Amino acid sequence: MESIIARLEAIEEGALKEIKAAQTIEQLESLRIKYLGRKGEVTTTLRQLGKIPSEQRPLVGKKGNEIKEKIQLALEEATEALKQKIAAEVKHIDVTLPGRRAYSYGTLHPITQVMREICDIFLRLGFDIAEGPDVELDYYNFEALNIPPHHPARDMQDTFYISSDVVLRTHTSSIQIRVMEKEKPPIRIIAPGAVYRCDADVSHTPMFHQVEGLLVEKNVSFSQLKGILTTFMEAVFGEGIGVRFRPSFFPFTEPSAEMDISCVICGGKGCRVCKGTGWLEILGCGMVDPAVFEKVGYDPEIYTGFAFGLGVERIAMLKYGIDDIRLFFENHLGFLKQF
Amino acid sequence: MRVPLNWLREFVDVTCSAAELAEMLTMAGLEVEEIEEPFSYLKRVIVARINAIKPHPNADRLKICVVTTGEQTYEIVCGAPNIQEGTLVPLALPGCELPSGIVVKEAKIRGIKSPGMLCSQKELGLGEDHSGIWLLTKEFNIGKTLAEALNLDDTVLEVAITPNRGDCLSILGVAREVAAITRQKIHYPTFTLKEAGEPVFKHFRVTVKHREHCYRYIVRLIRGVRIQPSPWWLQAKLLLAGVRPINNIVDITNYVMLEYGQPLHAFDAAKIAEGHIIVRLAHAGEKLITLDGKEHSLHDTDLLICDPRGPIALAGVMGGLNSEITPETKDVLLESAYFNPITIRRTAKRLNISTESSYRFEREVDPEGTFQAAQRACYFMQSLAEGTVAPGMIDEYPEPQHPVAIYVRIPRVQQLLGMEIEKDQIIDILQSLQIEVKEVEDKLEVTPPSFRHDLTREIDFIEEVARLYGYEKIAASAPLLPLQARALPSRQNWRTRIKDILSGLGWHEVITYAFIDPKSFDKLGLPSEHPFRQVTKLLNPLTADRAVMRSTLVPGLLEVCSYNHHQRIYHLRVFEVGKVFRQIPDAVLPEESYKLGGVLSGYHFDFSWHFRPEQADFYDIKGVIDALLQALGINEVNYEFQNDIPYLNPTNSAYIIKGDKCLGYLGEIQSEVKEAWDLKRSAFLFELDLESIFDLIPKQRQFKPLPKFPPTERDVALVVPEAFAAQAVENFVTTLAIPYLESIEIIDVYQGAPIEAGKKSLTYRLTYRAPDRTLTDAEVDKLHGHIVGKILKNFKIEVRQ
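## A closer look at the domain arrangement of chain A
One can read the domain layout of chain A as domain 1 (2–89) and domain 2 (110–336). Computed over C-alpha atoms only, the centres of domain 1 of chain A and domain 2 of chain A are separated by 87 Å.

Structural data, given as structure tokens:
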């Protein structure tokens, strides 16, 4: 019995000495196997327990377990100490330095972004996109839209002329006519594009962008016009936005309306931007005038429809809080990078 | 249209506040743009009496006036020559902001305190007289504010009248709308004329030669008028309405025009030769000097009022100087007419004159109102100008115009508006607008009043119903249409995609004006026959530097580059997708197509600690084109040297070629062009023809199975002359159609020792692979040797040792 205990104590002494001297995690692991493994010294020694008298076994067993735990503890402590030592010696890279990239992200012009947002909403509502020429016949820009020559309504838009019968389109409404000449109802289109008017100040540039919409089918009503446009404004400015429709005049729609939204700056309380009214003019719209249908050969007794036109810059200015429309066309990089 | 509320109240009761009235009108389609009190500053100007005038101790020219407002006495320093003790004068108190922008303050003038200022008529914005302090007549009550004393303490609504509502260009017109909205009756003014003397047709006659231009022409004669300033109440109303008072006769014509919407003209009767008024079109080249002193050369489309000697007025636009009312005028011949709106508009537009008169005639006046307006003006000339109205009236109205009755169908109203509205409600609304309504079965027979030219079709009446019912009360609903989905137009889709690709590559999108400076083409050094010079020109450009439609995106991009350089932003990569225009001889409309352009200046990469900042070069811009074309699926593109694009440096610029088609070009901007646009750094640009690109984009991508066996690579370094084009080798090898050769790419370019001067070394990597097995080294060596041999023989070059 004594000899077993003495052997165990000798093993313990050797093990603790070796653990202390170990330099790597790997060495510690091999020491664990050497002493505590299935074929390790402590294990094999304790296996001889059967050879000693049974009354002595508990005492030797107890001693053996004590030594096992001691070595186990010493291994764990040494491993932990070694890990800390290694960790303290490792050299980190500076993770706070900027990462490597050739260029920062590029940007789409804010007008493009807002135009896409507008078009996407109408595309989801089942509208198609239609396009037309920027340099347009007077006929499509005015006459077919029920604006004859020498009509005071021509004063509503200062027009750039190319010749007596060719203009830069003053609105994308001209596309309405081109589409209706080609197709039969039902018509659901939006027409995005640049438009031109000879006017320039803080709130006017000679070129700007519009999205025109047209829906023609049997039994289309003013009530539905209100429905679509309310849905649209809620999609652009959020569900809480207030809207109102008030009578106005456009030669190609009747009844005609201006749509206002509650001021996005002051929330409707009244401020400088909304001139104290709490409302902002956002788009013009109305039921397609029968005279327009007659021009394209639709029977106004069978079909009714509505049209609307909205200014993209206007919406972008309200959305982003831009107070000078000319910024869109100066293309200052500092401006472009903000969107 | 400026509407003073007190004037409006003469016709209709207004019980609500100005803001509520404004809201009411706006929601009925008469948008109130502004509510203002134009003369609120006169609330700080008091009617005061000069009690005493004392000399100023420090200045000979100045006086000290002791003035009283009844309650309080002030000592005011004043330098005007016309002040006298006992007279009434306007005293502006501190805080009063005069129309000139001067704010009256308690000031020290040459050492004497002056707690206010005595004002001239001009200083108060009430007239032109600046010869001295405005001496007020005895009717003014001392102590009252001038705003009260002059009836100027009124609120004015600025109402925007749409072009279809000429009938609302008057106080009466707006009052009619208020009456309709609030379901009131209009109070029309009542007055009586006392006619005396010989009747007008004894001395005057009217001949209308062109009835299609002048539907009605009324003339009345008023004798013995005394030209003098109008009474203050009238001047005040004109001032509130924004019209400058002149003299009683002119003021009366203006007043009645503002009140009834009917422009009137007063001739000096003595200046009309033979008492004969002739309404006719001008002879081409005929001349007339109008009231503003300008001489006009006339066209045969201009309508004139003439006497047998010649023109005396430009009909409906402006009177002639030769028949003007002067202080000596005794007899007035008053014109109240209804001219063809198109005739008036054509002349006004052509001569670029817009008057209160032409504005109203263009928007049509009330043919029945011409008579009432003439009567009203006669009454004022009798009561305010001591005139005597001659009996009778000349009224050339050969074809009286009567409004036409039409039908309105109740179901149509309901369908179009999308709501259930009762028949009785519709009738009530129409009647409130003075529309006559008769029920005929399920229809309404409606007749508009004479002043509503805009009501001629059923839809016009439906709009009136909607307008007065209130758009806000019509419930919103969703349209019901069959579902259908059509593919987006592919070109539109690709434009979107291209913008996304380029912004993903770190480029910023710009939008520039579609009109450019015609001088740009000279600045770009383009020859006179260059297709870019086939431009579409604007007839009326806003400025000379935006006078033609762009045929290329380059000038716009250079402008953006220059603008940013001047903002000290030199590191720039911007692109634009935009339309260009090419004028085709004999075609009505130009050809429109999309181009993609971009400009780059600055460095290879954004500033960062990772790279040394190195100036950008040709390969930076080429890399973008490569990446873009690759993303679009357009391969095997060639770059060819160019030497005929004058704005690009021929040593580092190229055409981009695919097959036999030129897709565009790229390169460094010539130094002359750089100077012309004042660029501060060298820059590179590209321009691609998107229509050609769209045609080349594969409609459908085809999947190729992934290779199962490994590739084998072999490199070869070739020594070639300096000017040798690297791509030539690739193109040549491709034509050989070698089996198992998967790709060839250039991996190194080297110049310098030990390569001899004037030559360079190009290293290519060739990749070989078989689809069904791993190639052996021996096989690859054989293939590679074969290819290298062909290259050396074809180009007569050597392998680098």
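## So, the side chain of arginine 244 of chain A
By the element assignment, arginine 244 of chain A lies in strand β7 (residues 243–250). Here arginine 244 of chain A is in contact with Glu258, Met259, Asp260 and Trp279 of chain A together with Glu23, Thr26, Met27 and Glu472 of chain B, once residues within four sequence places are set aside.

## As for the packing of helix α8 (residues 222–237) of chain A against helix α10 (residues 312–320) of chain A
Residues and elements named next belong to chain A. Across the interface, α8 lies against α10 with an axial gap of 11 Å and an inter-helix angle of 45°. Classified by the interaxial angle, the pair formed by α8 and α10 is oblique. For the pair α8 and α10, the contacting residues are Phe232, Val236 and Phe237 in the first and Ile315, Leu318 and Lys319 in the second. Here the contact of α8 with α10 is composed, by residue class, of five nonpolar, no polar and one charged.

## A short note on the packing of helix α5 (residues 110–124) of chain A against α8 of chain A
All names here are of chain A. Interaxial distance between α5 and α8 falls to 10 Å at its minimum, and their mutual angle equals 135°. Classified by the angle their axes make, α5 and α8 are oblique. Crossing angle aside, the handedness with which α5 passes α8 is right-handed. Of α8, the residues touching α5 (which contributes Glu117, Ile118, Ile121 and Phe122) are Ile228, Phe232, Ala235 and Val236.

## Quick look at the sheet that holds strand β4 (residues 166–168) of chain A
Residue and element names in this part refer to chain A. Across the sheet, three strands lie side by side as β2-β4-β3; this open sheet has antiparallel pairing. At either end of the open sheet lies a strand with only one pairing partner, and these are β2 (135–137) and β3 (161–163). On average, each strand axis in the sheet is inclined to that of its neighbour by 30°, with strand direction left out of account. The pairing of β3 with β4 spans two bridges and is antiparallel. Bridging across to β4, tyrosine 161 finds its partner in valine 167.

## Notes on the nonpolar core
Among the nonpolar cores identified, the biggest contains 126 residues, and Tyr196 and Met233 of chain A together with Tyr647 of chain B are the most heavily contacted of them. The element best represented in this core is α8 of chain A, accounting for eight residues. The contacts of tyrosine 647 of chain B, once residues within four sequence positions are left out, are Leu524, Leu526, Phe532, Val554, Tyr665, Glu668, Ile669, Gln670, Val673 and Leu685 of chain B. Membership of the second largest hydrophobic core comes to 55 residues, among which are Leu8, Leu172, Ile218 and Phe380 of chain B.

## So, the sheet that holds strand β38 (residues 798–799) of chain B
Pairing between the strands of a sheet is mediated by backbone hydrogen bonds and can be parallel or antiparallel. All names here are of chain B. Strands sit in the order β36-β37-β35-β38 across an open sheet of four strands; the sheet is antiparallel. The open sheet has two edge strands, β36 (741–750) and β38, and neither has a second partner. Sheet strands in contact with helix α19 (residues 726–736) are β35 (712–721), β36 and β37 (759–768), and its direction is about 165° off that of β36. Against the sheet, helix α20 (residues 777–795) touches β35, β36, β37 and β38, its axis set at about 15° to β35.

Rules used throughout
Residues numbered from 1 in each chain as written. Chains lettered and ligands numbered in written order. Predicted model: local features only at pLDDT ≥ 70, side-chain atom pairs only at ≥ 80, totals over all residues. Heavy atoms only, no water. Domains from an automatic or database assignment. Helix = DSSP H or I, 4+ residues; strand = E, 2+ residues; numbered from the N terminus. Contact = heavy atoms within 4.5 Å. Axes fitted to C-alpha atoms, helices over the stretch in contact; angles between N-to-C directions. Parallel < 35°, antiparallel > 145°, perpendicular 65-115°, else oblique. Nonpolar A, V, L, I, M, F, W, Y, C, P; charged D, E, K, R; others polar. Left-handed = near helix turned anticlockwise from the far one by under 90°. Pairing = 2+ DSSP bridges. Core = buried A, V, L, I, M, F, W, Y, C linked by side-chain atoms within 4.5 Å. Buried < 20%, exposed > 50% of the residue type's maximum accessible area, 1.4 Å probe, protein only.

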